[in-house]
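# Breakdown of the fold
Chain residues, written in single-letter form:
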Amino acid sequence: QVEFALIAFGHLCVSAAPEREAMAMVGAGVPRGFTAPGLLTGSFTFAVIGIAATFAAMTCFAKETPNITHNESRRLGFVIVWMSVFCMWLIWACVYMHQMVPLIYPQHIHK
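Presented here is a report on the structure given in the accompanying data block. (Residues numbered from 1 in each chain as written. Predicted model: local features only at pLDDT ≥ 70, side-chain atom pairs only at ≥ 80, totals over all residues. Heavy atoms only, no water.)

This part is about the environment of G33. By the element assignment, G33 lies in the loop between β2 (11–13) and α1 (37–61). Distance from G33 to M97, taken between C-alpha atoms, is 8.4 Å for residues 64 residues apart in sequence. (Helix = DSSP H or I, 4+ residues; strand = E, 2+ residues; numbered from the N terminus.)

With that settled, consider helix α2 (residues 70–100). Relative to the 45 Å expected for 31 residues at 1.5 Å per residue, α2 spans 45 Å between its end C-alpha atoms, a close match to the ideal helical length. Tucked inside the fold, the buried residues of α2 contact α1. (Expected span 1.5 Å × (residues − 1). Contact = heavy atoms within 4.5 Å.)

Here we take up the environment of R74. Following the sequence through the fold, R74 ends up in helix α2. Spatially, the C-alpha atom of R74 lies 8.2 Å from that of F61, the residues being 13 residues apart in sequence. In this view, R74 contacts M58 and A62; residues no more than four positions away in its chain are not counted.

Within the secondary structure layout, T54 lies in helix α1. With a relative accessible area of 12%, T54 lands in the buried category. In this structure the side chain of T54 is engaged in a polar contact, spanning 2.7 Å, whose partner is the backbone oxygen of G50. Residues contacting T54, with those up to four places away along its chain left out, are F78, V81 and W82. (Buried < 20%, exposed > 50% of the residue type's maximum accessible area, 1.4 Å probe, protein only. Polar contact = N/O pair within 3.5 Å; in protein donor to acceptor, adjacent residues only side chain to side chain.)

Looking now at the side chain of S73. Within the secondary structure, S73 is located in helix α2. Side-chain polar atoms of S73 contact the backbone nitrogen of K63, separated by 3.3 Å. With residues near it in sequence (within four places) discarded, S73 still touches F61, A62, K63 and I68.

Below, the structure is given as structure tokens:
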């Protein structure tokens, strides 16, 4: 009798052992880490926001002044947009992942 479980891309392949039938649900009890669906969706959303903000910075807000050329203004806008998007994504990802595995559970006091 062969007993094994293979975890690949968040899917659980069930073994032939009857005691493992409880794990037959796809993804049941399998930690997904960085491949959690909500984390991937949020990361994709921040990437789309970054691309849209880059387009806006390059076309609408880059202008030439006596102190900076048009090309330098575009590069500065690119750096500011992506640094901002990365920082906002990092804070969001930390908050999201902290909610995935809470460290503090409420304690109910019965009177």
